[in-house]
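Each chain is listed here by its residues.
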Amino acid sequence: MKSPPRFIVDAMLGSLARKLRIFGFDTLYFVGGADLDLEALAEKEKRVILTSDKRLFARSEGRRGLHAILVDGTTDRARLRSVVRQVGPAVTLRLGRGRPSRCAVCNGELEVVGRRDAASTGMIPAKVLARHRLFYTCRSCSRFYWRGKHWERLRRLSYSLKTKDLT
Ligand SMILES: [Zn+2]
């Protein structure tokens, strides 16, 4: 099976970058650098450039070794749809069976932590501990995640994208 695409997202699309990570895509969020540096990194790490900047897109799309996608839409829902349409079936936004695999904040890999271990850190509110059995922690920044409301919202978003927009 072809491995899923890896992305590099320009500074204007931060919330799209976070969502792509939650959906499991290795996604760099490129802030505060020159277009040239973004392109160099994309080429080196074989990442698809996602941008809503027409100028950057026009620069990058024809360049050897680069794959750029012009993301349109003013909401993340529309942007995700735009990415899925243009990248194709390699991008499956599905959280139903899956689990979070990337940290939304730093793109680190997540690993599963049981309730007892999660509780022992003292970092998770009692109410959350009572309601969830499985937790995830980022190997890079040690943030904790669980399948809360945000996860549910994204799950619903992924289903609605699949059924309404992609058929
Ligand atoms: Zn992290």
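Residues numbered from 1 in each chain as written. Predicted model: local features only at pLDDT ≥ 70, side-chain atom pairs only at ≥ 80, totals over all residues. Heavy atoms only, no water.

**Let's talk about the overall build of the protein chain**
Next, step 1: Secondary structure summary: the protein chain contains seven helices and seven strands in total.
Next, step 2: Expressed as a percentage of its 167 residues, the buried residues of the protein chain come to 45%.
Next, step 3: Considering only contacts within the protein chain whose residues lie at least 6 apart along the sequence, 50% involve residues at least 24 apart.
Next, step 4: When the accessible surface of the protein chain is summed, it comes to about 9700 Å², and 51% of that surface belongs to carbon and sulfur atoms. (Helix = DSSP H or I, 4+ residues; strand = E, 2+ residues; numbered from the N terminus. Buried < 20%, exposed > 50% of the residue type's maximum accessible area, 1.4 Å probe, protein only. Contact = heavy atoms within 4.5 Å. Areas by Shrake-Rupley, 256 points an atom, 1.4 Å probe, with all protein chains shown as cover.)

**Points about the coordination of the zinc ion**
Next, step 1: Coordination of the zinc ion by the protein comes from C103 (SG), C106 (SG), C138 (SG) and C141 (SG), over a distance range of 2.3 to 2.4 Å.
Next, step 2: Here the zinc ion is ringed by four donor atoms whose angles at the metal span 98 to 119 degrees, and the overall shape comes out tetrahedral.
Next, step 3: Sequence spacing of the donors to the zinc ion: C-x2-C-x31-C-x2-C. Highlighted residues: C103 in the loop between helix 4 (76–87) and strand 5 (110–114) and C141 in the loop between strand 6 (134–138) and strand 7 (144–145), separated in sequence by 38 residues. (Donors = N, O, S within 2.8 Å, 3.2 Å for Na, K, Ca; no water. Tetrahedral: all angles 85-135°; square planar, octahedral: opposite > 155°, others 65-115°.)

**Points about the packing of helix 2 (residues 35–44) against helix 3 (residues 54–61)**
Next, step 1: Closest axis-to-axis distance for the helix 2/helix 3 pair is 11 Å, and the angle between their directions is 45 degrees. By the angle class used here, helix 2 and helix 3 are oblique. Pair helix 2 / helix 3 crosses with right-handed handedness. Contact with helix 2, carried on its side by D35, L36, L38 and E39, involves R55, L56, R59 and S60 of helix 3 and no other residues of that element.
Next, step 2: Within the contact of helix 2 with helix 3, the residues separate by chemical class into three nonpolar, one polar and four charged. (Axes fitted to C-alpha atoms, helices over the stretch in contact; angles between N-to-C directions. Parallel < 35°, antiparallel > 145°, perpendicular 65-115°, else oblique. Left-handed = near helix turned anticlockwise from the far one by under 90°. Nonpolar A, V, L, I, M, F, W, Y, C, P; charged D, E, K, R; others polar.)

**A word on the packing of aromatic side chains**
Next, step 1: Summed over all chains, the structure comprises two aromatic pairs.
Next, step 2: Residues F135 and W146 carry aromatic rings whose centres are separated by 6.0 Å and whose planes lie at 65 degrees to one another, so their mutual orientation is edge-to-face. Here F135 is found in strand 6, whereas its partner W146 is found in the loop between strand 7 and helix 7 (149–165), with eleven residues between them in sequence. (Phe/Tyr/Trp six-rings, centres within 6.5 Å; stacked < 30°, edge-to-face > 60°.)

**Some details on the confidence of the model for the protein chain**
Next, step 1: Confidence in the prediction for the protein chain averages 88 pLDDT; 90% of positions are at 70 or higher.
Next, step 2: Here helix 7 stands out as the least confident element of the protein chain, with mean pLDDT 76; strand 1 (residues 7–9) is the most confident, with 97. (pLDDT = per-residue confidence, 0-100.)

**Notes on the sheet that holds strand 2 (residues 27–29)**
Sheets are built from strands paired through backbone hydrogen bonds, the pairs being either parallel or antiparallel.
Next, step 1: Taking strand neighbours across the sheet as the criterion, the four strands line up as 2-1-3-4 in an open arrangement whose pairing is parallel. Each edge of the sheet is formed by a strand with only one pairing partner; in this case those strands are strand 2 and strand 4 (68–70). On average, each strand axis in the sheet is inclined to that of its neighbour by 25 degrees, with strand direction left out of account.
Next, step 2: With three bridges joining them, strand 1 and strand 2 adopt parallel strand pairing. Paired with V9 across the strands is Y29, a residue of strand 2.
Next, step 3: Together, strand 1, strand 3 (48–51) and strand 4 form the strand contacts of helix 4, whose direction differs from that of strand 4 by roughly 135 degrees. (Pairing = 2+ DSSP bridges.)

**Quick notes on the side chain of H132**
Next, step 1: Tracing the chain through its elements places H132 in the loop between helix 6 (126–131) and strand 6.
Next, step 2: Excluding residues that lie within four positions of it along the chain, H132 makes contacts with R115, W146, R147 and G148.

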